[in-house]
Amino acid sequence: QVELVESGGGLVQAGRSLRLSCAVSGSIVNFAGMGWYRQVPGKQREWVATITTSGGTDYPDSVKGRFTISRDNAKSTVYLEIDNLKSEDTAVYYCAAFRKIAPPRTFYVDSWGQGTQVTVSS
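Procedures and definitions
- Residues numbered from 1 in each chain as written.
- Predicted model: local features only at pLDDT ≥ 70, side-chain atom pairs only at ≥ 80, totals over all residues.
- Heavy atoms only, no water.
- Salt bridge = Lys/Arg side-chain N within 4 Å of Asp/Glu carboxyl O.
- Helix = DSSP H or I, 4+ residues; strand = E, 2+ residues; numbered from the N terminus.
- Buried < 20%, exposed > 50% of the residue type's maximum accessible area, 1.4 Å probe, protein only.
- Contact = heavy atoms within 4.5 Å.

Student: Talk me through the pattern of salt bridges; I want residue IDs and the actual numbers.
Tutor: Here the idea is simple: oppositely charged side chains can pair when their charged atoms come close. Summed over the entire model, instances satisfying the criterion amount to 5 salt bridges. Salt-bridge contacts for Asp-58 lead to Arg-105; the nearest nitrogen and oxygen are separated by 2.8 Å. Here Asp-58, found in strand 6 (residues 57-58), pairs with Arg-105, found in the loop between strand 9 (91-102) and strand 10 (106-112); they are 47 residues apart in sequence, far enough to count as distant. Asp-58 gets classed as partly exposed once you look at its relative accessible area, which sits at 22%. Relative accessible area serves as the criterion here: at 39%, Arg-105 is assigned to the partly exposed category. Through salt bridges with shared partners, one network takes in Arg-38, Glu-46, Arg-66 and Asp-89.

Student: How would you explain the environment of Ser-7 if you had to name every residue and give the values?
Tutor: Along the chain, the position of Ser-7 falls in strand 1 (residues 4-7). Here Ser-7 falls in the partly exposed class, since its relative accessible area comes to 37%. On a C-alpha basis, the gap between Ser-7 and Thr-68 in space is 16 Å, while along the polypeptide they are 61 residues apart. Discounting chain neighbours no more than four positions away, the residues touching Ser-7 are Arg-19, Leu-20, Ser-21 and Thr-116.

Read these as layout, nothing more, since geometry by itself doesn't imply function.
Put into structure tokens, the structure is as follows:
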């Protein structure tokens, strides 16, 4: 079982930027893609970004333009940059490794990270 470890969360002022990291114990090229989700208490986990093995990216409209996912295959690390942070971005952010991606947006998760808390203060 591969291990995913997120980092980079914390308390940030609204309007600032933040970069989250997800370090993967194995090679990320072994997966169909990598993704980020977020979850607030009492709500379902929400998908926010995907990057495929070929580098293609996808985002829901709710975060498009502010969220940027990237990957460093040599470091087996995936990043999520969040610009112009808003209070509604407050959540636990989870990294996911996909064993399969079925177009347009069906993701088969192989592994999850433990999550990193992002809190945006106004």
